[in-house]
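Fold and geometry: a report
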Amino acid sequence: YVRDPGLIVVAADGRRLAPQAFVAHAYANRVYEEAQPRADGSTKLVKKSLAKAWLEWPQRAELARLTYAPGAERYTERDEYNLWRGWGAAPTRGDVGPWRALLDFLFAADPPARAWFERWCAYPLQFPGAKLYTAAVLWGVVHGTGKSLVGYSLGKIYGPNFTEIGEEQLHASFNEWAESRQFVLGDDITSGERRGQNSFIIEKLKNLITQQQVRINAKFIPSFVVPDCINYYFTGNQPDLVFLEDTDRRYFVHEVVGAPLPNEFYRAYDRWLNAPAGPAALFDHLLRLPLGDFDPKAAAPWTQAKRLM
């Protein structure tokens, strides 16, 4: 039982249950028999709810709150239950030629931007749970160049801590997508702003990129607050993909120019990425990547692509 916000966590798999659901249906088939006396002095066995009895038991397993602490143990020293579920790959030395070739192609016109971006990718892996104060944006009018492939590659490392979202998730009342996440890929999620609908997405993204805590509002359980460790990577095909203020500090923007690489490159990349050795090698490479003067709280560099956007 977790006192804040008042819910049940199933230790075996991390499921969260409201106490009412825990008793009424999730564990309603768990019963015990209690001996009760009859008027004639004999006893009878009466079936009782084991879930209800456990909730009322003074010695039930109990913690203070939920947290999200990448790299930490399941149960923290602060009497917390850690929702982090581990990495999606184990770092192992290996071939990262496909990754290097993809970045070399995507950033062919701006090598300094390539260096900054790869450090941006590496920092939260070298310092698990780090919240960068910047989001990376890669755009280009040509489809199929591999912009999203970068996000999926990092997603293999983050495993269950990665998800992909669209604009509908940002408008939704519930935000389960943000629960237990470190890395989020968003594709063309600000398209509504180009049609002048409202400023909701603009302001929401500004908050999401830098906020230190996130309130998880999921269906059927009480909402709760945990540290916000999510870093955002956006891709799209429009030159006004994100709305930028003149003094913007949050967004790193790079334009991908030119036609895609040959299809055989992407087929080979897909084979590399979907074999266990690929993500393992990429994880190891990014863990060992020199970070130079990269500052996780500094403003994103101004690129020509950002000035144009």
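Here, every reference points to the structure presented above.
Here we summarise the structure given alongside this text. (Residues numbered from 1 in each chain as written. Predicted model: local features only at pLDDT ≥ 70, side-chain atom pairs only at ≥ 80, totals over all residues. Heavy atoms only, no water.)

Observations regarding the pattern of salt bridges
Defined as follows: Take a side-chain nitrogen of Lys or Arg and a carboxyl oxygen of Asp or Glu: if they are within 4 Å of each other, that pair is a salt bridge. For each residue, the accessible area found with a 1.4 Å probe, counting protein chains only, is set against the maximum for its type, and the residue is called buried under 20%, exposed over 50%, and partly exposed in between.
All told, the structure shown has 18 salt bridges when counted by the stated rule. In this structure, the salt-bridge partner of E62 is R60, at a minimum N-O distance of 2.8 Å. Residue class for E62 comes out partly exposed when judged on its relative accessible area of 33%. Salt bridges here are not isolated pairs; linked through shared partners, they connect R3, R60, E62 and D79.

A look at helix α3 (residues 97-106)
Note the following rule: By definition, any uninterrupted DSSP run of H or I lasting at least four residues is a helix, any uninterrupted run of E lasting at least two residues is a strand, and each is numbered from the N terminus. The arc in question is the one spanned by the directions pointing from the helix axis to the C-beta atoms. Any two residues having at least one pair of non-hydrogen atoms within 4.5 Å are treated as being in contact.
Among the residues making up α3, those that are buried are P98, W99, L102, L103, F105 and L106. When α3 is viewed along its axis, its buried side chains cluster within an angular range of 160° and face the same direction. On the buried face of α3, the contacting elements are α4 (111-126), β8 (135-139), α5 (147-158), β14 (251-255), α9 (263-273) and α10 (277-288).

Let's talk about the sheet that holds strand β10 (residues 183-187)
To keep it simple, the criterion reads: Any two strands between which DSSP finds at least two bridges are classified as paired. Where helices are involved, their axes are fitted lines through C-alpha atoms of the stretch in contact, as for all axes, and angles between N-to-C directions lie from 0 to 180°.
With parallel pairing, the 5 strands of this open sheet are ordered in space as β9-β10-β13-β8-β14. If you trace the sheet from one side to the other, it starts and ends with β9 (162-165) and β14, each paired once. Taken over all neighbouring pairs, the strand axes of this sheet differ in orientation by 20° on average, direction set aside. Pairing analysis gives 5 bridges linking β8 to β14, with the strands arranged parallel. For A136, the partnering residue across the bridge sits in β14 and is F252. Relative to β10, α5 is tilted by about 155°, and along the sheet it contacts β8, β9, β10 and β13 (231-236).

Overview of the sheet that holds strand β1 (residues 2-4)
Taking strand neighbours across the sheet as the criterion, the 3 strands line up as β1-β6-β7 in an open arrangement whose pairing is parallel. The open sheet has two free edges, formed respectively by β1 and β7 (80-82), since each of these has just one partner strand. The average angle at which neighbouring strand axes cross in this sheet is 55°, direction not considered.

A short note on the nonpolar core
Across soluble globular proteins, nonpolar side chains have a tendency to be buried as a group. The following threshold applies: To qualify as a nonpolar core, a set must consist of buried Ala, Val, Leu, Ile, Met, Phe, Trp, Tyr and Cys residues joined through side-chain atoms within 4.5 Å.
Within the largest apolar cluster, 41 residues are counted, with the highest numbers of intra-cluster contacts made by W99, F117, W120, Y233 and F252. Secondary-structure elements contributing two or more residues to this core are α3, α4, β8, α5, β10, α9 and α10. Not counting residues up to four positions away in its chain, the partners in contact with F252 are F107, A113, W116, F117, A135, A136, V137, L138, A300, P301 and T303.

A look at the packing of α3 against α5
The relative placement of two packed helices comes down to the angle between their axes together with the axis-to-axis distance. We count it as follows: Crossing handedness follows the turn of the near helix against the far one: under a right angle anticlockwise gives a left-handed crossing, and clockwise gives a right-handed one. Side-chain classes are defined by residue name, with Ala, Val, Leu, Ile, Met, Phe, Trp, Tyr, Cys and Pro counting as nonpolar, Asp, Glu, Lys and Arg as charged, and the others, Gly among them, as polar.
The interhelical angle for the contact between α3 and α5, taken along N-to-C directions, is 145°, at an axis separation of 10 Å. Considering the relative orientation of α3 and α5, their crossing is left-handed. Between α3 and α5, the contacting residues are W99, L102, L103 and L106 on the first element and K147, L149, V150, S153 and L154 on the second. Of the residues assigned to the contact of α3 with α5, the class counts are 7 nonpolar, 1 polar and 1 charged.

Some thoughts on the packing of α4 against α5
Applied cut-off: What sets the label is the angle itself: under 35 degrees gives roughly parallel, over 145 gives roughly antiparallel, 65 to 115 gives roughly perpendicular, and the rest give oblique.
Following both chains from N to C, one finds α4 and α5 inclined at 15°, their axes separated by 12 Å at the closest point. Between α4 and α5, the angle falls in the class roughly parallel. Like other packed secondary-structure pairs, α4 and α5 cross with a definite hand, here right-handed. Of α5, the residues touching α4 (which contributes F117, C121, P124 and L125) are V150, L154, I157 and Y158. Per-class residue counts for the contact of α4 with α5 are 8 nonpolar, no polar and no charged.

Quick look at the environment of Q20
Structurally, the position occupied by Q20 is in helix α1 (residues 19-26). Q20 gets classed as exposed once you look at its relative accessible area, which sits at 67%. Between the C-alpha atom of Q20 and that of A51, which follows or precedes it by 31 residues, the distance is 9.9 Å.

Some words on the pairing of strand β4 (residues 31-37)
Judged from the 7 bridges that link them, β4 and strand β5 (residues 43-49) form a sheet pairing that is antiparallel. Its bridge partner lying in β5, P37 is registered against T43. The turn linking β4 back onto β5 is made up of 5 residues, and G41 within it adopts a positive phi angle of 95°.

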